[in-house]
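Commentary on secondary and tertiary structure
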Amino acid sequence: MNRRVATLMVHTSPLDQAGTGDAGGMNIYVCESAQQMAAQGIKVDIFTRRANNNHPDIVDLGNGVRVIHLNVGPIDGVTKEKLPALIPDLSAAFRAALLIEKYDVIHSHYWISGKVAMPVAAELKIPLVHTMHTMARVKNLNLAEGETPEPMIRVQGESQVVAAADALIANTDAEAASLVSLYEACPDNVFVVSPGVNLSMFTAGAGKSSARKNLELPQDAHIISFVGRIQPHKGPEVLIRAIAEMVGHSPMLRPKLITQIVGGASGANGAEVDRLKELVQWLGISDVVRFAPPVERAELPDYYRASDLVCVPSYSESFGLVALEAQACGTPVVASAVGGLRTAVADGISGVLVDGHDARAWSSVLARLLQEPQRRVLLSMGALEHASHFGWDATSRGTLDIYDGVISSQASSNMSAG
Ligand code: UDP
């Protein structure tokens, strides 16, 4: 049966460039899953708040997937922090849209969208599936030094969404456990579906040498990359401090070392990029650390392929798509042993998981790997193998099974009520 799905993500748009502002893995997740569902005959409309004038009200993403703008609140200046004040108006606009076209299921992403969807789903008797992507309580238990904790309004909002959703989708068993233990989710309502990677876009391609040629990077360099939004929680500072340690204890690596920090400021925190640039200067490692603006997805594979190692030093991570993308390009990943990264990286096989965020510990892992090319070749093969298990087709099939489950239980409860 051909389902119609109303996907809701209000704080960032599927049309935004990922890797800067509020756009990241969730945007990729929503677009890739929608395309895979469309390929199976499902119609997906993605509702988002209009935050610029660049697009018409409805944008066709191809294969029947549409982005529908909700014209709510001012176009400019509504940060994620200010958005909760617009929840009632967003619910009203979403409700109005759902009265015009009929949908079988609502799938909300991130707590603000969950709050927007809750009253609409209840009133129109449409089952609600929710994915958190990140959780305040998990973040707050794992803050970087000096990082501002997530506010109570978010914790409360998330708890309400957990209680209201017919099904919660977690990226990993670890996230499912957090939903149950930290948010009192009913275990029967929590389902684990792994996110994926676009295995036709992220490939080993023509290899490292060709990627370095394309990016005008030296063939004999040791290249370590960080890819993602620049925010304390993602730990770029851990990598920077580890590099400073490394050039101290292994000075012979310095002449060939290139560290790339690829991505833009996160949310409204533009100052973090400047702070890190100053830190690099202060540590005296400007010769080995480069900052690059966010890269279009089509160009990202070469950045991964050109790297000897991709580093994901996050303090918590519900999954970490960058880790999977890098591995799908044949690049081993060095990541923190936290949350979803424990699933995204096979420790010792496709990369290395590091406990904690101590710069010296990170530097010793990175330096050893740079000096062991044979080990990197093995990890690279392990990386390709590991990533090959995570296609978006499996994500969308798993999600569709959950939709089917909530649709049929809603139908039977409607029947018994009637
Ligand atoms: N990304 C991108 N260009 C960049 C940096 C990142 O397109 O310059 C994408 C990257 O490919 C990945 C996503 O942004 O798909 C980041 O997802 P991840 O799960 O690693 O982190 P999140 O931002 O969701 O916390």
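Before reading further, recall that the structure is shown in the block above.
In this report, we go over the structure that sits alongside the text. Quantities reported herein were computed from a predicted structural model and do not represent experimental measurements. (Residues numbered from 1 in each chain as written. Predicted model: local features only at pLDDT ≥ 70, side-chain atom pairs only at ≥ 80, totals over all residues. Heavy atoms only, no water.)

On to empty space enclosed by the protein, then. The tally for this structure, following the rule as stated, stands at one cavity of 30 Å³ or more. When its volume is computed, the largest cavity comes out at roughly 80 Å³. For the largest cavity, the full set of lining residues is V5, T7, Y29, V30, S33, A34, M37, V44, H107, H109, T399 and Y403. Counting only elements with at least two residues in the lining of the largest cavity, the list comes to β1 (4-8), α1 (25-39), β5 (105-109) and α15 (392-417). Here the lining of the largest cavity gets five residues from one element, more than from any other, and that element is α1. Tallied by class, residues from the lining of the largest cavity come to seven nonpolar, five polar and no charged. (1 Å grid on protein atoms, 1.4 Å probe; cavity = no way out; pocket = protein on both sides within 12 Å on 5 of 7 lines; lining within 4 Å. Points joined across faces, edges and corners; volume = space filled by probe spheres on them. Helix = DSSP H or I, 4+ residues; strand = E, 2+ residues; numbered from the N terminus. Nonpolar A, V, L, I, M, F, W, Y, C, P; charged D, E, K, R; others polar.)

Across the sheet, which stays open at both edges, the six strands sit in the order β11-β10-β9-β12-β13-β14 with parallel pairing between neighbours. What marks the edges here is a single partner per strand, and that holds for β11 (289-292) and β14 (351-354). Ignoring strand direction, the axes of neighbouring strands in this sheet form an average angle of 20°. Relative to β14, strand β13 (residues 333-336) runs parallel, the two being bridged by four bridges. (Pairing = 2+ DSSP bridges. Axes fitted to C-alpha atoms, helices over the stretch in contact; angles between N-to-C directions.)

For the ligand, the set of nearby residues contains 21 residues, the closest of which are G25, K234, V295, L321 and E325. Here an oxygen atom of the ligand and a backbone polar atom of G25 are 2.6 Å apart. Between the ligand and K234, the relevant distance is 2.8 Å, taken from an oxygen atom to a side-chain nitrogen or oxygen of the residue. In isolation the ligand exposes 540 Å². Once the protein is present, 94% of that is buried. Elements with a contribution of two residues or more to the shell around the ligand: α1, α10 (300-306) and α11 (321-328). The element that contributes the greatest number of residues to the shell around the ligand is α11, accounting for three residues. Residues belonging to the shell around the ligand are distributed by class as follows: ten nonpolar, six polar and five charged. (Near = heavy atom within 4 Å. Polar contact = N/O pair within 3.5 Å; in protein donor to acceptor, adjacent residues only side chain to side chain. Areas by Shrake-Rupley, 256 points an atom, 1.4 Å probe, with all protein chains shown as cover.)

Approximately 250 Å³ is the volume found for the second largest pocket. In terms of lining residues, the second largest pocket is bounded by 13 residues, among which P14, D16, I28, C31 and R297 are the most central. Looking at the lining of the second largest pocket element by element, the count peaks at five residues for α1. Here the lining of the second largest pocket is composed, by residue class, of six nonpolar, three polar and four charged.

A word on the environment of P373. Mapped onto the elements of the fold, P373 is located in helix α14 (residues 373-387). Judged by its relative accessible area of 46%, P373 falls in the partly exposed class. Sequence spacing of P373 and D308 is 65 residues, and the spatial spacing of their C-alpha atoms is 9.1 Å. (Buried < 20%, exposed > 50% of the residue type's maximum accessible area, 1.4 Å probe, protein only.)

Evaluation of the coordinates by the stated rule reveals five aromatic pairs. For the pair Y29 and W392, a centre-to-centre distance of 5.5 Å together with 80° between the ring planes defines the contact as edge-to-face. A residue pair is termed long-range when its members are at least 10 positions apart, and Y29 in helix α1 and W392 in helix α15 qualify at 363 residues. W392 shares its class with Y29; the two are buried. Relative to Y103, the ring of F47 lies with its centre 5.9 Å away and its plane at 80°, an arrangement referred to as edge-to-face. Pair noted here: F47 is in strand β2 (residues 43-49) and Y103 is in the loop between α2 (87-100) and β5, with a separation of 56 residues, a long-range link. Note on F47: relative accessible area 1%, which makes it buried. Here a set of aromatic residues connected by ring pairs shows up, and it is made of F47, F94 and Y103. Here R137 stacks its cationic end above the ring of Y183, 5.5 Å away from the centre of that ring. (Phe/Tyr/Trp six-rings, centres within 6.5 Å; stacked < 30°, edge-to-face > 60°. Lys NZ or Arg CZ within 6 Å of the ring centre and 35° of its normal.)

Our next topic: unusual backbone geometry. Even without glycine at this site, H133 takes up a positive phi of about 70°. The topology assignment puts H133 in the loop between β6 (128-131) and α4 (136-140).

Here we take up the pattern of salt bridges. Any two side chains of opposite charge can pair, given that their charged atoms come close. Within the structure shown, the criterion is met by 25 salt bridges. For E32, the salt bridge identified is with R297, shortest N-O distance 4.0 Å. Note that E32 is positioned in helix α1 and R297 in the loop between β11 and α10, a separation of 265 residues in sequence. A salt bridge links R375 to E372; its shortest N-O distance comes to 3.7 Å. Here the salt bridges share partners, and the residues they tie into one network are R4, D45, R66 and E101. (Salt bridge = Lys/Arg side-chain N within 4 Å of Asp/Glu carboxyl O.)

Functional significance is not addressed by these values, which are geometric in nature.
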